[in-house]
Structures are given as C-alpha cells and as structure tokens.
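Residue-level structure breakdown
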Amino acid sequence: MNRRTIVVEGPLAFHMRRIAAARRGETGVQIMTIPQMAARLAGGFTRPAQSQDLDPAIRDALEAGGFAELESIRHLPGMTRAVARTLAKIWLADLPLLERADQGARLADIAEIERRVRANLPKGVLTPRDLRDAAIIRLDNAPVVLGSVELDSVVNVAPVWRPLLQALNGVVPLAWRNPGATDINWFPGEITTDQRPTAGVMEVVSCANPRAEVVEALRWMRELIASGRAKPEQIAICATSVGEWDEHFLVLAADADLPLYFSHGVPALASREGQACAALADVLLNGLSQDRVRRLFSHAAGRSRALQDLPRSWALGLQAGAALFELDQWLRALDEASRLRTDGVDPRPILIPVLELLAQGPDAAEQAGAMLLETPARALWSEALRRAPSKALEFSLQELRLPDGRDAGACAVWCPANHLAAAPRPWVRLLGMTTRSWPRRAAEDPLIPSHVLSHGTLDPDPVTTQDRRAFQIITARASGGRALSRSRRNAQGGILSASPLIPQGAGVHALKRARIPSHAFSEADRLLARADEAAISPALTAANACWRDWRSPAITAHDGRVRADHPVIARAIDRVQSATSLRLMLRDPLAFVWRYALGWRSVAEDDQPLTLDARAYGELVHELLKRTVDTLEPRPGYSRAARHEIDAALTEAVTTVSTEWPLKRSVPPLLLWRHTVDAAAQLSLRALTLDEAFQPGTRSWTELTFGDTEGAVAAAGDLPWDPTTPVEIVGTKVRVNGSIDRLDLTAAGNAVRVSDYKTGVEPKRADQIVLGGGAELQRVIYAMAARQLLQDNPRVVARLIYLGNAEPRVYKLPDVDQAIADIAGHVTAASVLLRQGRALPGPDARENWNDFRLALPASPTLYFQVKQAALSRAFDDFARVWSCR
C-alpha cells in the first residue's frame, strides 16, 4: 500500500478532505496540516506548541523580569496575549531574533523572552522553527513516514515551513494542487491547477444592518436549497471576522432549523456546560446571592463531586425573597430552615463547605471548578483560567468556542474567509463588504512597532493581503453564484462605506428590512411575508385585534370590557379584601382584575437594591414599631414606659430587624442597609414619643391583625379581640382584613385610638383628606374594624400621622361614621361596575409607579387621550370617588 500525505489548511478544509477521501474509498492517506506533518516526521512524542503550552511558559518568562524596556509593562493585563501574538509572527516569519538582539533593547527583550519560553515548554513541545529543524534532521524517514506529499488547496505557506518543503522535494514526491498564493517561485515541487469552471453571476446587495444581512443570507440559503439549485454542502457564507454576525446566525439559524455548520465553532456559553461555568463565574465574581447559588446548584447538584449527594429539597425552608448576599446570612438562614424542616434532612454538612469556598471569590476559582463542575465543564473552566486571570472570567468564557457537532459535508457553512479560501464552494455569500472588513487594515504590532522592525519583515503576509487573496480565491471558484452583501449602517447606527473590492460599476440592490422575500427562512419570516397566512394565525390575529382596539376611541375587550357576572371576577370580589386591594378596586379596576382575578404580579427588577422602595421602607418602620411596643407590653407598658426604656426597646428591635430582614427579603448592601435602618429608627422614635400623655392603664398594640378568617396569625391571650373574627364593610357583604399600625385602648374600654403611620412625603391639604379619592383607606378601615370588634361600642378616634417631617403631623378623621358610610357606598359601586363587566383602567393606571404599566400600551399618554371620552362615559357616576376628599 502506497502511503500518501495530504496537507490542508484550516479546520474546514481538514473536514472536507477527510469526507472526500471517505467517499472515494482512498486508503493509505493521512490528512494533516503542515505543523502536524513536521511533528509526524520529527517522531517520538513531538508536537507543535499550542496556546495551552505557550501561555504558562510566557507568564513564567515575564514573571522572571530583568528587561530593559518591557519591565514596566510586563504585569499589565493582556501582556501574555500580546507576547504570544508577537512571537507567533516572529516564528512564522522565520526571524532569528538572537542575530538581531544587538539592534536595540526592545528586540533584545523579545529575544530573551523567546529563549525563556523555549526553555519553559514541556519536553517534546516545540516552537515552529524548532519543530521544522527537528523534522529536517529526520528527512531520511520521510518516504516511510509520509510517502508522497501533496498540498491540497493550501492558500499560502509561511516562510518558516518553506525550508522543510524544499528539503522534502529531493526525498519524496512533492506537489501543490490549486495554490492560492501568487508568490510560489520558491516551491520546488510540481504545481497543478484544476480547470476552474466559469464563475457564477455576481450579485451585490446592501442591507440595513448586520442582523438584516444575516436574515437575507438565510433567505438566500433557503431559496437555493428549496429550488434545488444547490445542496447544503455546496453553500457557504463567510466574513473576514465573524464576531459581528455570529450571535445572529446562532439564534436565527436555530429558529429556522437550517443545516448550518460553524467551522470556527459555536460559543461555549451556548452549551449546558458553558452555562454551568457561567453560573459558577457569576457567583465568584459578583458574590453570593440566593438566585446565583440556586442557578449554580441547578447545574452542579448530582453532577459534581462536592454536590453529588445534595438532596433535591436542599432549599426547603429558605425564604424565596431573601437575597442572602453574605456568608453569615446563609449560615443563619440554613440554621433557621433546618429548625423548621420536618423531613429529617439536613443539607448543611454539604452546603456549608461549598458556600465557604464560594465566598472566597475569584481567588478560589480553580478549586471551585474542580469541586463544582462535571468533567466537560471542568475542561472549559480550566481553559478559561489559562487564557486570563480569574478576575477576567467573564470575558475569557465569552471567547471560548466548542466544535460544532454537525457534519460539514452535509451542511451549509458559516465561517471566516480564510477557512473558506482553503475549501471553496460553488455558492458563496460574502458578508460585511465594507471598508472596515474587506480588506481589514493591518495594525502595528504593539511590542515591535515599525520603527523597531519594519512591518514587512515582521509580518510578510499581513491581514490586508490575506483578505484580498481570500476574496480572489473565493469569488473565482464560486461556479454557482456569488453574492456580496454589506450593511448600510453598523449595529451602533454609524454609516458604512462600500468595500473597494466590489467591482466598479456593479449594480447594488438595496434590500429593505420590511421587504417581502420570495423565500422566507423561518416560520416567523414566512408569516411576515404572507399576510393571508398571518391573518389566520391565532396569535397574530389576537395581537392585531389588540393593536387596533387600543387605537379605537370606543371601549373594547382589550381595554377591560368583559361579560357581565364573570365568575373569575365574582370570586375576586367575594374574597377577603385588604386596603391595598380596595384601593385598586376603586382607583384602577383593570389592575384589580389583573392582580386578584388573574393572579398577575410584578417582578422585582433588582436583586440587591441600593435603596428600599417606599412600600418596603414603610414596612421596615412598622416592623420596628411593632417589635418595640411588643417589648414594652404589657410591662412596663408602652403608655407608662420612660424615654430610656423606649430607647432600649427600639435599640433591641433595630438589632433584631437588622439581622433578620436579610434572611427574608432583599436589602441594600451592608453600609447602605445600616444607614437605612438608622433612618427608619429615627422615624420610629418620633412615632413612639409623639403622644406624651396617656390615661392611666391605657394599653397599646402595633400591627394588630383583624379579619384573619383563615387563622394565619395565632391568637394571643392579651389581644383586645380575636384576630380571626370576620370584619365586613357596613352595608355590604365585602369582608376586609389587615393590620392596624397602632391601637391605643383605655383601661375602661370606652375609647380607642387607631393610627395610620405614613413614612412618605406629606401631601398638600393633608388636613382635608378623608378617603383621598380612594387612595387613603387604611384609617377608615382601621376605625371600622375597631368599632366592630371591640365591645361596648367605644368612641373611636382615627388619625393619620406623617413621620417624614421634622415634627410629625397628626390629622384626625373628623367624622368616622360618615367616612365608613362613604367607603361602603364607593365599594358597592365598584363591585357593581366590575360585575357589569367594566374592568377599565382608572387614574392610578396613568402613574409611573404603576406595577402593571408593562401590560398597558407602550405609549400610555396617547392611549388615554384616545380613550378619555369613552372611559368617562363608561365610568359615569363612579368617577366621583376620585374627586372626593
């Protein structure tokens, strides 16, 4: 059997040549690149140096120091990569740096780095020049080891490998088929060129932006395949640098289910293993949090060494709203969760060592990867750490790529231009035909600029020459058809100019983004192109009806009109209401239906806010008040407590809340959290010291529950009433529940005072507020609950207290009975409105803080202008509630 060695260039050419050999039934053929051929000839365990070998060797060389010019920059980020690129240029150009070391301190430093790198490489791992010399020494073995050598469509041979090929010429048959370079006089072997078919028709198109280019490329690809003009393996799409289009191809090709092969690999983060690495990096770089840890454990539990035996219910008992940003918070939360568990499972022995490791941050990246990642993900993690320091994991993980699992011989290909130049296809589409990309500009080497060593000497085959050569080869061998595509603007909106490689006089077809294609690349694209099909799509029909209804001046189903006596709305009305739900019922009936009939909730936007929102801040103040008063009652009693006793109880409450709240909900970072608690404590102290005179024997309660018919709050013996007793709005069947901020009851039980604390800004004319247009209901509901639940019909005083001023302002409700009657009338009217099917947006829907703003049209101002007259007619007399005091 005659042995043959086929030399190829690039991963696409390697795969395609192997497929061709298999289809032809060739035997005795070995397909490899020139460095692999040199290593094969050098024998033993020799192999060419790869980045995983060079990077640690370069880092060690730089760490040794002692440089004349590079000493001050050797520790800068990216220095390892810059040195690797410079050395690659030197080696491929076959420059003997030791002979040039006397030409300046910079070259002497680079020469010293090269010497150290060669010494630091593992045994058997050689640089290109050393590998070439080792192969030349063993030329006598070439007939047996290599046999005949043929360079198949190799575009260009770097100067460092030319002496090896020249030496092989006298030992084995040597040929070069379809060379891409024009300067091949140095090649001593036989040169053959296949007869090239006539190049296909050239089409030049312009698109709106890079994403539009990808859409048009996939349409072009689908058209070729669907029409039968080309098979997938005959189609190629390329660009000089794929980064600008890569993500669009990844997403859109998957959506279209088109057979597209990524010769340069797919992003590692698009795989499950890559997402596991990303989850670990997120925890190490950004710190502990419940969301981040849960995401990491969803990947690692049962698959990694440290979490192999982690039970599925490990998070049982943890509060879902707790952020848990600190290790101490995790330890206390896990202790509390274990105390509440009833299944006998204790995950703490497994969790705590892992959390302690994660809390160390990027410094523990290597150990964390070994413990928390399975084998495939661990390989990615190690490669990311090799490429950059652990603090740069976010960027190094984004650069990692995995081989595409598709078959290159059965798919269209998306690839860099230099890959396609070594394995041309009949149908090609070149993207990014602008002055920025075709050709790219050759940049100066950062370590050896042109004034130190001429650019032509250091880089005899610059990127500009490579791009021009690739363009010539790809277009010349495209026998089926050639499409040159460019963007009119980049992704940032900047104007782009056409490439000088586009033939002069070629007509440019401007493709609009909204055009109707003859062949759609996906289902969504087809529906966009075919209005008749889109018209019968249920989803699009509903969306179109919604869009038209929102612009209609009449009230429609998409504005909140439903059939009368809808059972879902009836159930929402019949449920036990709160002050919050009643406010929505009165001021935004549509939001009431969304929240309490459909169960919609807004999503927290920030897992670690810098400040608490107004609602959470109010809850914090109420929590401090409740704990303080509970500490003082019944002895010595809040009404009898001295100032120092109130201060001590408040300090105890602050300490407890500061430690317990982070275990239950998201709080700001530690320093801001302490400041927030201190500010809330000041407001609480104002509220606690507001009333200096109490009647003897007066008892006080805070956060006093009423109407809890489900018994969620355990009844205590010293409460003034049973918290499970129902409370109804007088004259209606609507039940209410809630917690009274503060209740003071005289010893005789003949008078009671309820207080509603407000931590926000005092509104204008606060002394005139009764219901506040349906927005201030708590004070009236508190008074109503106290009147119904306390015996002997005591006199009720209801008040609003604004704590945000320098001095708290107190506003008493002038007529409690009239206020209760008013709220009963308004709630009855709202219930009738909803039961009639008029669940329409009210005044609160127009506010920026509306939790359901996302569900409204994108331009609420325009929407309410169009609907104003119809809404006024639909609400009719009910709208009077919004103007009441």
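As a reminder, the structure under discussion sits directly above these lines.
About the criteria used
- Residues numbered from 1 in each chain as written.
- Predicted model: local features only at pLDDT ≥ 70, side-chain atom pairs only at ≥ 80, totals over all residues.
- Heavy atoms only, no water.
- Helix = DSSP H or I, 4+ residues; strand = E, 2+ residues; numbered from the N terminus.
- Rg over C-alpha atoms; globule rule 2.2 N^0.38 Å.
- Buried < 20%, exposed > 50% of the residue type's maximum accessible area, 1.4 Å probe, protein only.
- Contact = heavy atoms within 4.5 Å.
- Areas by Shrake-Rupley, 256 points an atom, 1.4 Å probe, with all protein chains shown as cover.
- Pairing = 2+ DSSP bridges.
- Axes fitted to C-alpha atoms, helices over the stretch in contact; angles between N-to-C directions.
- Right-handed = clockwise from strand over helix to strand, strands pointing away.
- Salt bridge = Lys/Arg side-chain N within 4 Å of Asp/Glu carboxyl O.

Comments concerning the overall build of the protein
Regarding its fold elements, the protein presents 33 helices and 23 strands. Relative to the 2.2 N^0.38 estimate, which gives 29 Å for 885 residues, the radius of gyration of the protein is 38 Å and therefore markedly larger than a compact globule would have. Burial status across the protein gives 50% buried among its 885 residues. Taking contacts inside the protein between residues at least 6 apart in sequence as the whole, the part at least 24 apart equals 74%. Total accessible area on the protein stands at roughly 42400 Å², and carbon and sulfur atoms take up 51% of it.

Remarks on the sheet that holds strand S21 (residues 751-758)
Pairing is mixed across the open sheet formed by five strands, whose spatial order is S17-S20-S21-S22-S23. Looking at which strands have only one partner, the edges of the open sheet turn out to be strand S17 (699-706) and strand S23 (809-812). Neighbour-to-neighbour, the strand axes of this sheet turn through a mean angle of 30°, independent of strand direction. Two elements, strand S22 (residues 795-802) and S23, share four bridges in a ladder whose sense is antiparallel. Bridge pairing in S23 links Tyr-802 to Arg-809.

Concerning unusual backbone geometry
Phi is mostly negative for residues that are not glycine, and the peptide bonds are mostly trans. Looking along the chain, the bond that leaves Trp-438 and enters Pro-439 is cis, with omega of -5°. You can see Pro-439 is positioned in the loop between strand S14 (427-430) and helix H20 (455-458). Positive phi outside glycine occurs at Asn-793, with the angle close to 50°. In this structure, Asn-793 sits in the loop between helix H31 (778-789) and S22. Residue Asn-793 is classed as exposed on the basis of its relative accessible area of 56%.

Description of the pairing of strand S5 (residues 148-152)
Consecutive side chains of a regular strand alternate in pointing toward one face of the sheet and then the other. By the criterion of burial, S5 is predominantly enclosed, with four of the five residues buried. In this structure, strand S1 (residues 4-7) lies alongside S5, joined through four bridges in parallel fashion. Looking across to S5, one finds that Thr-5 is bridged to Val-149. The pairing of S5 with strand S6 (residues 174-177) spans four bridges and is parallel. The partner of Glu-150 across the bridge, within S6, is Ala-175. With respect to chirality, the unit in which S5 leads through helix H9 (residues 162-168) into the neighbouring parallel S6 is right-handed.

Considerations on the pattern of salt bridges
Inspection of every chain in the model, using the stated rule, returns 54 salt bridges. Between Asp-282 and Arg-295 there is a salt bridge; the shortest N-O distance is 3.9 Å. Residue Asp-282 is found in helix H12 (residues 272-286), and its partner Arg-295 is found in helix H13 (residues 290-300); the two are separated by 13 residues along the sequence. The class for Asp-282 is partly exposed, based on a relative accessible area of 22%. Residue Arg-295 is classed as partly exposed on the basis of its relative accessible area of 31%. Where Glu-660 meets Arg-627, a salt bridge forms, and the shortest distance between an N and an O atom there is 2.9 Å. Of the two residues, Glu-660 sits in helix H29 (residues 643-660) while Arg-627 sits in helix H28 (residues 614-632), which places them 33 residues apart along the sequence.

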